[in-house]
Amino acid sequence: SEQTLNVTVTQVEPTVDVAVSPTRAVYNDTVDITGRVGADGGGAANVSYLVTVAGRVLESGDTRGDGRFRTNVTLPAGVADGGQTVRVLLPLEEQALASANGSTSLTVVDTETNLTATATHVEAKTVRVDGTLTTADGLAVGGERIKIVADGTTLGSTTTDPNGTYEGRFV
């Protein structure tokens, strides 16, 4: 036998609790992000979430059966020093749970770096510039833009590879 019932689903506004450890971090530190998504006193299971630091998406995942989540993110070089916001977003649309977010603060401490550069004349007005970008502790810094300037004039830019090295030809 079969029966049809009309059901009305009312969207619920969840809470998103977020904590970070440690609360101070430098480039390449691992930050532990924990929290809970819930509504009406219970945890919300299998809810997709995004983790952002200073507006940059660094991680995604799903809540456990009790609504809790735990993830680790590595702090990228492009996050400015000072007070930053760690936000956990629920990007939900037209579901029983409404879209929501929770946030907490993270203090990002400036990391000292070493930049080397060697310029070699190639031909006519062209020079080859190469070098490395590392932390003061010798850790390679990849994916960072290096601007090449000669006598106050910007010649162009290049980006460090995963090993922290860069190379480019400039006129």
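Structure's up top.
Definitions and cut-offs
- Residues numbered from 1 in each chain as written.
- Predicted model: local features only at pLDDT ≥ 70, side-chain atom pairs only at ≥ 80, totals over all residues.
- Heavy atoms only, no water.
- Buried < 20%, exposed > 50% of the residue type's maximum accessible area, 1.4 Å probe, protein only.
- Helix = DSSP H or I, 4+ residues; strand = E, 2+ residues; numbered from the N terminus.
- Pairing = 2+ DSSP bridges.

Lay out the pairing of strand β12 (residues 126-135) in plain terms, naming residues and giving numbers.
β12 sits mainly inside the fold: 7 of its 10 residues count as buried. For strand β10 (residues 113-115) and β12, the ladder comprises 3 bridges, and the chain directions are antiparallel. Pairing of leucine 115 across the sheet is with leucine 133, part of β12. Bridge count between strand β11 (residues 118-123) and β12: 5 bridges; the pairing is antiparallel. Bridge assignment links glutamate 123 to a residue of β12, and that residue is threonine 126. Count of turn residues in the β11/β12 antiparallel hairpin: 2 residues, of which alanine 124 carries a positive phi of about 40 degrees. Two strands pair when backbone bridges link them, and β12 and strand β15 (residues 165-170) are joined in this way by 6 bridges, in the antiparallel orientation. For aspartate 130, the partnering residue across the bridge sits in β15 and is glutamate 167.

Requested: an account of unusual backbone geometry, with residues and values cited.
For the bond running from serine 21 to proline 22, omega is -5 degrees, close enough to zero to count as cis. You can see proline 22 is positioned in the loop between β1 (15-21) and β2 (24-25). Of note in this structure, asparagine 28 is not a glycine but carries a positive phi near 75 degrees. Summarising the element assignment, asparagine 28 is placed in the loop between β2 and β3 (30-39). Located in the positive-phi region is glutamate 94, a residue other than glycine, with phi close to 50 degrees. Topologically, glutamate 94 is positioned in the loop between β8 (82-90) and β9 (100-108). Looking at glutamate 94, the relative accessible area reads 82%, which means it is exposed.

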